[in-house]
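Commentary on secondary and tertiary structure
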Amino acid sequence: MKKFIFHLYMFFIFRSCLCQINETSSIDYNELTKYTLDTYDKNNKATRYHLNYDFQNHLFKEYSDYKLAFLPNVQYAIICHENDIDKNDNEKKTMIFWNIATYEIFIATSIYLNAFPVWYIEQKKNGNTFCMRFDSVGWYNNGRADICKNETLPCPDLIILNTSQVTYRYFNDDTLNLNKYFRKYNKKYGKSFESLLNKYSYYEYRIDNNWLAVPISEDFRIFQFNLTTFNECKSKGYDLHYPPPLSNYWGTNYKETWTWKKAFEYAEMITKCTKKPGLQILNNYNEDLNFFSTLCHSLNIPFITEDVKSNIKKCGLRKPFAIEKLSILKNLTENHYIEMWLNKTEVEEWQKSPYPESVDKQPIITYDKNYVSNVPQVNGMFYNTLFETKHYPEMKYAYVPGSTSILLGTGIIITKKSRFPDEAFEFIEVLINEKYPFYTELNISKSPIENIYGKKCIKNYETFKKNNCSSLIQSDGIYPYYYINNNKTNIIYLTHKNIGSKRGISVNVDTSNSSIFGNIFVNKDFICDKQANFEENTITYQNDYKLVIPLSNNRTVSLKSTIDININLDQTIEMICSIYDESLQKSKPIQFPYSNFYEMDNVISKSPISLLFAHLYYKHNTTNEGSFEQIVNECCDIIDNALIPYCQNNNNIKFSFTECFSNNLTMSIKYLNCKTKDDDEIPRYINCNYIPYSNNKGYILIIFSTISSFINMIFLSILLL
């Protein structure tokens, strides 16, 4: 009987598997290549497009031809298989996706459309017919608009958010906890998603050990300069050198020589040379904060600190050493060596108004949107976005000055009231699956997953590192390499040679000053490859003519050749990607060293850095402008106020009580490490646990106590007699 049951069980298992195989093999992909996209403008006027899907590349042919990216005037778009587009709503389901695209620019949505056919087929296998609606909502509404609270509000299933917006949505109770989906992902693929992420992405999308979003894109800031301007100013006698890595002038440790102070000096020289500002930062929402935090981190100034007693984050700019280091901004801004990006109308209104008496009355000065849409060609140097859209041949890529760049990014959330949470995560799984090109298409340099490159760098960069490694060690012989540690130059000798059919090196510790390596660095042979790996005995090329040598399974060191190198100013994609890689490696989030937290979004919305730059560049008035220290402290006042958490979001509330009010016998609750808002349910008062003398009941008690005491005295007197 047991054998019969076992064989019967195996029969059903086999039959189930066979059905799945037959179902998959019976799919006619030729019938699944035709899709229809209906776009709607602000007047709800529809335009229909017919799309053709290429299952070999997993992209729409119209996307590959750049037709999808530039569709005009799209408020929202609905994509379906061509057989489903005209079906009634009761015959199909529609998932709603809020994206950062704007009405005029559809390119940000066009990328996600490519994942729809793969996901659509998976849903068809499960017996579901889906379409997908993409709304061009924009950054602000994606992060702040009310959703799903009642039937009159929109209720998207998926939303793209930047890292600061994720926390706002979380504390607004809009996000679905994704922990169970990550556990399923780990079980399904046999590896944890967390282990695949780069070092900071892991912390940006989690709060209280809860996964709130799946990282979708990696963003950081890059640096460019106008080669023509540099050459013209050099010919006029200005002491300019191409920024690293395009010049050996900066030495082996450019982070200590190519600093923001030096970049500001160059901005001054370029301004005097060309009569135009020598430095420009990206003109967009919140970009001045990105620039300022990059500067702070590079100057070793903590932009955000924490008060241990209250557990409240604080502005870290008030200390004298911070004021002194930040003073390099004064010369840059007051003399207009930097191109200004603020809305001049709002600045003039601020200047004409009486000076604000409190933090709450400080203005929010925004960037000039008209200027942004007509950005002039860069005159000198440019602190730019990775997702740049305009390219000029005279603009060259260089390392961001100093030791740090800013790390940003976007993630995708499933809303708490999504109608299709399981299917929504399955769509996300398709997006991040490395066998499809979607994750690569959503990124430029690297994706949030370490081993998946972006679309600009994926084809060539890995091969470039291997080939450049082989080129650097192409000559046989023993050559010195150096590494600077604690201002001390350490020399180690490497033997260039063939190892089998490949180029490689032998490490000669015995003939080297290798104290920096301790006892870890040993005599060993390595060959050139795409990555440095200790177990596989491979090294690779980094940038600026350096070799990356593995010291152990989790430690590497970069060694620079002492051979003079002729710098090539014609930058290939591989060279640019090498600079991207260097910038990413030194990028940190704004709030570093802290994980993502809700109040950071409050700081961003108050725009304190914009007001700081308005003071330095324009001044509120010419007769009573405060000192640089006062301006920075005012900026800190705004930041500190924004960083006070709301009590409803605080799990460790500290409070005290006032004295009891005699008129109603209540005490006010003073919250010491959080603040309340009008629509919360946080108590403001509590009943007194005593009756004050100034209350009527207190007077009566006093009278009765006095009478009682008097009677007791009389009674005692009688007893004594």
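For clarity, every value in this text was computed on a predicted model and none was experimentally measured.

**So, the overall build of the protein chain**
Scanning the protein chain for helices and strands turns up 24 helices and 27 strands. In the protein chain, buried positions account for 51% of the 721 residues. Nonlocal contacts in the protein chain, meaning residues at least 24 apart in sequence, comprise 67% of its contacts between residues at least 6 apart. Only carbon and sulfur atoms are counted for the fraction: they give 51% of the accessible area of the protein chain, which is about 36,000 Å².

**Examining the packing of aromatic side chains**
Under the counting rule described, the total for this entry stands at 48 aromatic pairs. Ring centres of phenylalanine 97 and phenylalanine 427 lie 6.2 Å apart, and the angle between their planes is 80 degrees; this geometry places the pair in the edge-to-face category. With phenylalanine 97 in strand E5 (residues 93-99) and phenylalanine 427 in helix H17 (residues 421-432), this pair connects stretches of sequence that are 330 residues apart. Residue phenylalanine 97 is classed as buried on the basis of its relative accessible area, which comes to 0%. Residue classification places phenylalanine 427 among the buried positions, given a relative accessible area of 0%. The ring centre of tyrosine 76 lies 3.8 Å from the NZ or CZ of arginine 133, which sits over that ring.

**A word on the environment of glutamate 423**
Within the secondary structure layout, glutamate 423 lies in helix H17. Under the relative-accessibility criterion, glutamate 423 is labelled buried at 16%. With 300 residues separating them along the chain, glutamate 423 and glutamine 123 place their C-alpha atoms 7.8 Å apart.

**Considerations on helix H22 (residues 608-617)**
In terms of burial, H22 is a largely internal element, ten of the ten residues being buried. Residues Pro608, Ile609, Ser610, Leu611, Leu612, Phe613, Ala614, His615, Leu616 and Tyr617 constitute the buried set of H22. Positive backbone phi, at 70 degrees, marks lysine 619, one or two positions downstream of H22.

**Digging into helix H20 (residues 573-585)**
The terminal C-alpha atoms of H20 lie 18 Å apart, and with 13 residues this matches the ideal 18 Å at 1.5 Å per residue to within 8%. When H20 is considered as a whole, its buried residues turn out to be Glu574, Ile576, Cys577, Ser578, Ile579, Tyr580, Asp581, Glu582, Ser583 and Leu584.

**Side note on the sheet that holds strand E25 (residues 655-657)**
Judged by pairing direction, the sheet is antiparallel, and its three strands sit side by side in the order E25-E26-E27 without closing on themselves. Since the sheet does not close on itself, it has two edges, and those belong to E25 and strand E27 (685-687), each with one partner. Direction aside, the axes of adjacent strands within the sheet are offset by 35 degrees on average. Two elements, strand E26 (residues 666-671) and E27, share three bridges in a ladder whose sense is antiparallel. Among the inter-strand pairings, methionine 667 is bridged to a residue of E27, identified as isoleucine 686.

Calculation notes
- Residues numbered from 1 in each chain as written.
- Predicted model: local features only at pLDDT ≥ 70, side-chain atom pairs only at ≥ 80, totals over all residues.
- Heavy atoms only, no water.
- Helix = DSSP H or I, 4+ residues; strand = E, 2+ residues; numbered from the N terminus.
- Buried < 20%, exposed > 50% of the residue type's maximum accessible area, 1.4 Å probe, protein only.
- Contact = heavy atoms within 4.5 Å.
- Areas by Shrake-Rupley, 256 points an atom, 1.4 Å probe, with all protein chains shown as cover.
- Phe/Tyr/Trp six-rings, centres within 6.5 Å; stacked < 30°, edge-to-face > 60°.
- Lys NZ or Arg CZ within 6 Å of the ring centre and 35° of its normal.
- Expected span 1.5 Å × (residues − 1).
- Pairing = 2+ DSSP bridges.
- Axes fitted to C-alpha atoms, helices over the stretch in contact; angles between N-to-C directions.

So far we have only geometry, and geometry alone does not tell us how the molecule works.
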